[in-house]
Amino acid sequence: MTGADDFYLVGGLVGGGITKPILTTPIKINDKQKKSFKPDQAVLFEGEIPQGQSVKGGLKAYDEDAGKDWAKYGNTVQKISTAISGAIAATGPQGAIAGTVLKAATTGVGILHTIDKDDLLGSTELEISSTGPSREERAWVISKKDGIGWSTWDYTLTYRITRS
């Protein structure tokens, strides 16, 4: 109703001793459009996960309301990584749960939210086992419909899991 959203993701994933902070730059997207993330932001996690272990973490989706200083992107990604590493150190890699990783990741992104709080569209915790089919596709549906057409959204974020 009011134009395109500026959709972006914040979060983190941990597994196999690897910590992967997630912060995508905003994508302008409007009703019924299908878009992809930049190629360097399209792979959210890559690494060896020992048999019987999993990748844990989560994502939060936002609509950016006011322009941020995206020149600080690298610094912000480092802050997310540091926050996640601190949370993992406190619990140990096997003790970390998806919610702990997600909370630490979004705490680390606080610098972006100091000017204007963006609209939180949704959040999800992830735990992806190292065992399973070689290719798997999952969908995360993020939706809010309040009936009056203002501040509504309907996203389906599709992600692929590849195991080899």
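Residues numbered from 1 in each chain as written. Predicted model: local features only at pLDDT ≥ 70, side-chain atom pairs only at ≥ 80, totals over all residues. Heavy atoms only, no water.

Draft legend 1. Summary view of the overall build of the chain. Secondary structure summary: the chain contains 2 helices and 7 strands in total. Each of the 164 residues in the chain was classed as buried or not, and the buried ones make up 42%. Nonlocal contacts in the chain, meaning residues at least 24 apart in sequence, comprise 70% of its contacts between residues at least 6 apart. Summed over its atoms, the accessible surface of the chain is roughly 9400 Å², and 50% of this surface lies on carbon and sulfur atoms. (Helix = DSSP H or I, 4+ residues; strand = E, 2+ residues; numbered from the N terminus. Buried < 20%, exposed > 50% of the residue type's maximum accessible area, 1.4 Å probe, protein only. Contact = heavy atoms within 4.5 Å. Areas by Shrake-Rupley, 256 points an atom, 1.4 Å probe, with all protein chains shown as cover.)

Draft legend 2. Layout of the pairing of strand β7 (residues 153–162). The alternating pattern of β7 places W153, Y155, L157, Y159 and I161 on a buried face, while none of D154, T156, T158, R160 and T162, on the opposite face, is buried. The pairing of strand β6 (residues 135–144) with β7 spans 10 bridges and is antiparallel. The residue of β7 that forms the bridge with A139 is T158. (Pairing = 2+ DSSP bridges.)

Draft legend 3. Region of the structure containing the environment of R138. Considering the arrangement of structural elements, one finds R138 in strand β6. In this structure the C-alpha to C-alpha distance between R138 and Y159, which are 21 residues apart in sequence, comes to 5.5 Å. Those residues within four positions of R138 in sequence are excluded, and the remaining contacts are E127, I128, L157, T158, Y159, I161 and R163. There is a polar contact of 2.8 Å between the side chain of R138 and the side chain of E136. (Polar contact = N/O pair within 3.5 Å; in protein donor to acceptor, adjacent residues only side chain to side chain.)

Draft legend 4. Expanded view of the pairing of strand β1 (residues 5–15). Extensive coverage of β1 is indicated by the burial of 11 of its 11 residues. Where burial is concerned, the two faces of β1 agree: the one with D5, F7, L9, G11, L13 and G15 and the one with D6, Y8, V10, G12 and V14 are both buried. Here 3 bridges tie β1 to strand β3 (residues 27–29), and the two strands are oriented antiparallel to one another. Counted as the bridge partner of D6 is K28 from β3. The pairing of β1 with strand β4 (residues 54–63) spans 8 bridges and is antiparallel. Bridge pairing in β4 places V14 opposite K56. For β1 and strand β2 (residues 18–23), the ladder comprises 6 bridges, and the chain directions are antiparallel. Along β2, the bridge assignment pairs G15 with I18. In textbook terms, the turn of a hairpin is the stretch between consecutive antiparallel strands, and for β1 and β2 this stretch comprises 2 residues, one of which, G16, has a positive phi near 60°.

Draft legend 5. View of the packing of aromatic side chains. Considering all chains together, one arrives at 3 aromatic pairs under this definition. Ring geometry for F7 against F37: centres 6.5 Å apart, planes inclined by 40°, an arrangement best described as tilted. Highlighted residues: F7 in strand β1 and F37 in the loop between β3 and β4, separated in sequence by 30 residues. Just as F7 is buried, F37 falls in that class too. With centroids separated by 5.5 Å and ring planes inclined at 20°, the aromatic side chains of Y8 and Y62 adopt a geometry described as stacked. Of this pair, Y8 sits in strand β1 while Y62 sits in strand β4, and the two are 54 residues apart along the sequence. For the pair shown, Y8 and Y62 are each scored as buried. (Phe/Tyr/Trp six-rings, centres within 6.5 Å; stacked < 30°, edge-to-face > 60°.)

Draft legend 6. Quick peek at the pattern of salt bridges. Summed over the entire model, instances satisfying the criterion amount to 4 salt bridges. Of the charged contacts in the structure, one is a salt bridge between E136 and R138, with a shortest N-O distance of 2.8 Å. Between R160 and E137 there is a salt bridge; the shortest N-O distance is 3.2 Å. Of this pair, R160 sits in strand β7 while E137 sits in strand β6, and the two are 23 residues apart along the sequence. When its relative accessible area of 57% is taken as the criterion, R160 is described as exposed. (Salt bridge = Lys/Arg side-chain N within 4 Å of Asp/Glu carboxyl O.)

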